[in-house]
Amino acid sequence: MRIAAALIVILLAHPVPAQESEPPLPRERPEVTEDAPVIPLPRTRPETVEEPVAEPAPEPETVPEAAATATRPPWIDPQWPEGEPPVAAAIPEPPPPPRIYQSACPAMLLGRVEATALPPIADGQCGTQSPLSVTGILANGRMVPLSGAIETDCGMASALPAWLEAVDSYLVARENTRIAELVVGTSYMCRNVNNGATGNLSFHGFANALDIVGFRLEDGRFVTVLDDWDEALSPEGRLLRFAHGAACANFTTVLGPEANAQHEDHFHFDLGCHGQSCTARICE
Ligand SMILES: [Zn+2]
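Every value quoted in this text rests on a predicted model; they were computed, and no experiment measured them.

**A few points about the coordination of the zinc ion**
Point 1. Only His-204 (NE2), Asp-211 (OD) and His-268 (ND1) from the protein reach the zinc ion as donors, at distances of 1.9 to 2.1 Å.
Point 2. Along the chain, the residues that donate to the zinc ion are spaced as H-x6-D-x56-H. Taken as a pair, His-204 in the loop between strand 6 (179–184) and strand 7 (209–217) and His-268 in strand 10 (residues 267–270) lie far apart in primary sequence, 64 residues in all.
Point 3. Accessibility expressed as a relative area gives 6% for His-268, which makes it buried.

Set out below in structure tokens:
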């Protein structure tokens, strides 16, 4: 209590001054006498000085360096003789190769033969547009290999599977064996019939013929027209006759040893057109 009483005494002895920031009262203006010079007040408001607005500086003219030194456009090679156009020499594009029109072969598309397409053959009167290189023929669900690739057309490639399957089925039924390999001779060759110096062109010249030499069997036998045809009643002779007769159902020309001496060692098959309606067949 004593401390509080002392504080009150101190505060009463030193009163808190008024706010020091309070402005002092204005002094009385001295009375203006008539003798005193009168300073007229300006009637117009003084002009406010605006800050000068900087006008955009004009863009400097861009002068091409080359134009500064020459009247020619800058993209012109200064080394280029004046008067000649600076056009780059156009490189002519090579003409596209001519399209080769060929047709696909269903026997190949369906997997009935193992073959690849070959470019057209054009050899005088001989040739064909869409030859195939055939290396295998389907028979009874498997691909029977050929002793060598044959060059033939789609017609022959389409007729061969049915014939080979008939021969293979004969071997399964009669000989308890199958064809291991079809031994082939001439396929495409530009020559006359029977290799004559004159006469008609052979269908070999159109890749539409095939010579058959014989059969290699799975049981190891090698049956050939040359060695086995004459023994007509032997198993091999029967096989060859069956193969010859089956071919007459699948090709339009079938020639064997009975036809002439030129065919004593092979069968000749082709799909040449015989007769006025292309339905006649030659089976000799
Ligand atoms: Zn032939």
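From this point, the discussion proceeds with the structure in view.
**Observations regarding the pairing of strand 5 (residues 142–152)**
Point 1. Relative to strand 5, strand 4 (residues 132–139) is paired through 7 bridges, and the arrangement is antiparallel. Along strand 5, the bridge assignment pairs Ala-139 with Arg-142.
Point 2. Counting the residues that bridge the hairpin from strand 4 to strand 5 gives 2 residues, and of these Asn-140 lies at a positive phi of roughly 50 degrees.

**Thoughts on helix 6 (residues 235–247)**
Point 1. In this model helix 6 runs 18 Å from its N-terminal to its C-terminal C-alpha over 13 residues, within 8% of the 18 Å that 1.5 Å per residue would give.
Point 2. By the burial criterion, the buried members of helix 6 are Glu-236, Gly-237, Leu-239, Leu-240, Ala-243, His-244, Ala-246 and Ala-247.

**Digging into the packing of aromatic side chains**
Point 1. As enumerated under the stated definition, the model contains 7 aromatic pairs in all.
Point 2. An angle of 80 degrees between the planes, with centres 5.0 Å apart, marks the rings of Trp-163 and Phe-269 as edge-to-face. Here Phe-269 lies in strand 10 and Trp-163 lies in helix 4 (residues 154–175), a separation of 106 residues in the sequence. We note that Trp-163, like Phe-269, is buried.
Point 3. Note on Phe-251 and Phe-269: the rings are 4.8 Å apart at their centroids and 20 degrees apart in plane angle, and the pair reads as stacked. With a gap of 18 residues between them, Phe-251 in the loop between helix 6 and strand 9 (253–255) and Phe-269 in strand 10 connect regions that are remote in the sequence.
Point 4. We classify Phe-251 as buried; its relative accessible area is 1%.
Point 5. Since its relative accessible area comes to 0%, Phe-269 is described here as buried.
Point 6. Positioned over the ring face of Phe-222 is Arg-216, at 4.2 Å from the centre of the ring.

**Describing the state of the cysteines**
Point 1. With the rule as written, the count across this model stands at 4 disulfides.
Point 2. Each disulfide pairs two cysteine sulfurs, and for Cys-248 the partner residue is Cys-283, the sulfurs being separated by 1.7 Å. Where Cys-248 bonds to Cys-283 through sulfur, the torsion about that S-S bond is close to 75 degrees, and the disulfide is right-handed. With Cys-248 in the loop between helix 6 and strand 9 and Cys-283 in strand 11 (residues 282–283), this pair connects stretches of sequence that are 35 residues apart.
Point 3. Residue classification places Cys-248 among the buried positions, given a relative accessible area of 12%.

**Side note on the environment of Ser-187**
Point 1. Of note, Ser-187 is situated in the loop between strand 6 and strand 7.
Point 2. The sequence separation of Ser-187 and Phe-206 amounts to 19 residues, and the corresponding C-alpha distance is 9.5 Å.

**Some remarks on the side chain of Thr-253**
Point 1. Of note, Thr-253 is situated in strand 9.
Point 2. Assessed through its relative accessible area of 5%, Thr-253 is described here as buried.
Point 3. At 2.7 Å, the side chain of Thr-253 forms a polar contact with the side chain of Asp-270.
Point 4. Polar side-chain contacts of Thr-253 include one of 2.4 Å to the side chain of His-274.
Point 5. The contact partners of Thr-253, leaving out residues within four places of it in the chain, are His-268, Phe-269, Asp-270, Gly-272, His-274 and Ile-282.

**With respect to the nonpolar core**
Point 1. Among the nonpolar cores identified, the biggest contains 40 residues, and Val-134, Trp-163, Leu-164, Leu-182, Phe-215, Phe-251 and Phe-269 are the most heavily contacted of them.
Point 2. Among the elements that make up this core, the one with the highest residue count is helix 4 (9 residues).

About the criteria used
- Residues numbered from 1 in each chain as written.
- Predicted model: local features only at pLDDT ≥ 70, side-chain atom pairs only at ≥ 80, totals over all residues.
- Heavy atoms only, no water.
- Donors = N, O, S within 2.8 Å, 3.2 Å for Na, K, Ca; no water.
- Helix = DSSP H or I, 4+ residues; strand = E, 2+ residues; numbered from the N terminus.
- Buried < 20%, exposed > 50% of the residue type's maximum accessible area, 1.4 Å probe, protein only.
- Pairing = 2+ DSSP bridges.
- Expected span 1.5 Å × (residues − 1).
- Phe/Tyr/Trp six-rings, centres within 6.5 Å; stacked < 30°, edge-to-face > 60°.
- Lys NZ or Arg CZ within 6 Å of the ring centre and 35° of its normal.
- Disulfide = S-S within 2.5 Å.
- Polar contact = N/O pair within 3.5 Å; in protein donor to acceptor, adjacent residues only side chain to side chain.
- Contact = heavy atoms within 4.5 Å.
- Core = buried A, V, L, I, M, F, W, Y, C linked by side-chain atoms within 4.5 Å.

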